[in-house]
Amino acid sequence: MFVLEVLSGPLDGKTWPFDSEIVIGRDDQVADACLALDRYVSRRHAVLKGAGDRLILADLESRNGTKLDGKPVVGEAELAVGAPFVVGRTVLRVTKA
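Below: a short report on this structure. Position labels on residues start from 1 in each chain and follow its written sequence. Whole-chain, interface and lining totals are the exception, using all residues; otherwise, since this is a predicted model, local features are given only for residues with pLDDT of at least 70 and side-chain atom pairs are given and counted only at 80 or more. Neither water nor hydrogens contribute to the side-chain values; these are computed over all heavy atoms in the structure.

1. Considering the pattern of salt bridges
Okay, so step 1: The term salt bridge refers to a pairing of a side-chain nitrogen on Lys or Arg with a carboxyl oxygen on Asp or Glu at a separation within 4 Å. Taken as a whole, this structure holds 4 salt bridges when the rule is applied.
Okay, so step 2: One salt bridge connects Glu5 with Arg93, and the closest N-O pair in it is separated by 3.0 Å. Placement of Glu5 in strand β1 (residues 2–8) and of Arg93 in strand β11 (residues 90–96) is noted, with a sequence separation of 88 residues between them.
Okay, so step 3: The salt bridge partner of Arg43 is Asp27, with a shortest N-O separation of 2.9 Å. Numbering of helices and strands runs from the N terminus, with a helix taken as a DSSP run of H or I at least four residues long and a strand as a DSSP run of E at least two residues long.

This is the structure:
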């Protein structure tokens, strides 16, 4: 089990547990992790997929992109547990539960 955590942004400290996949976005009708207060987040912005100890981060063709290590995520990128990434203007990370 993983935990998605907001490191900085309007929802600082908010967490969402997930097992294998979680959609990040602004609309709680289509996103498991809703960042409604960040106007730079798309309705369905990004998805995280966990497989064993591996995490895959993918941008869902969002308007403002998803960044890992300061670079835009194009397609999919492997994400290390604990590594920060940016969705809209919100900084997040994933830890093991």
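Still to come is the rest of the account.
2. Notes on the sheet that holds strand β6 (residues 54–59)
Okay, so step 1: We call two strands paired when DSSP finds no fewer than two bridges between them. Here 5 strands make up an open sheet; going across it, the order is β4-β3-β5-β6-β9 and the pairing mixed. Every other strand in the sheet has two partners, leaving β4 (33–34) and β9 (76–79) as the edge strands with one partner each.
Okay, so step 2: Pairing between strand β5 (residues 46–51) and β6: 6 bridges, direction antiparallel. Bridging from a neighbouring strand, Ala46 pairs with Asp59 of β6.

3. Re the environment of Ser20
Okay, so step 1: Within the secondary structure, Ser20 is located in the loop between β2 (15–18) and β3 (21–25).
Okay, so step 2: Each C-alpha atom, one on Ser20 and one on Leu48, is 8.0 Å from the other, the two residues being 28 residues apart in sequence.
Okay, so step 3: Those residues in contact with Ser20 that sit more than four places away from it in its chain are Leu48, Lys49 and Gly50. The contact definition used throughout considers only heavy atoms, calling two residues in contact when any of these lie within 4.5 Å.

4. Focus on the sheet that holds β11
Okay, so step 1: With respect to topology, 6 strands assemble into an open sheet ordered β2-β1-β11-β10-β7-β8, the strand pairing being antiparallel. Each edge of the open sheet is held by one strand with a lone partner, namely β2 and β8 (71–72).
Okay, so step 2: Bridge analysis of strand β7 (residues 66–68) against β8 gives 2 bridges, and the strand direction is antiparallel. Its bridge partner lying in β8, Leu68 is registered against Lys71.

5. Description of the packing of aromatic side chains
Okay, so step 1: Aromatic contacts are taken between Phe, Tyr and Trp rings whose centres are within 6.5 Å, Trp giving its six-membered ring; a plane angle under 30 degrees counts as stacked, one over 60 as edge-to-face, and the others as tilted. Scanning the model with the defined rule gives 1 aromatic pair in all.
Okay, so step 2: Directly above the aromatic system of Tyr40 lies the positively charged group of Arg89, at a separation of 3.9 Å from the ring centroid. Counted as over-ring charges are cases with an Arg CZ or a Lys NZ within 6 Å of the ring centre that also lie within 35 degrees of the ring normal.

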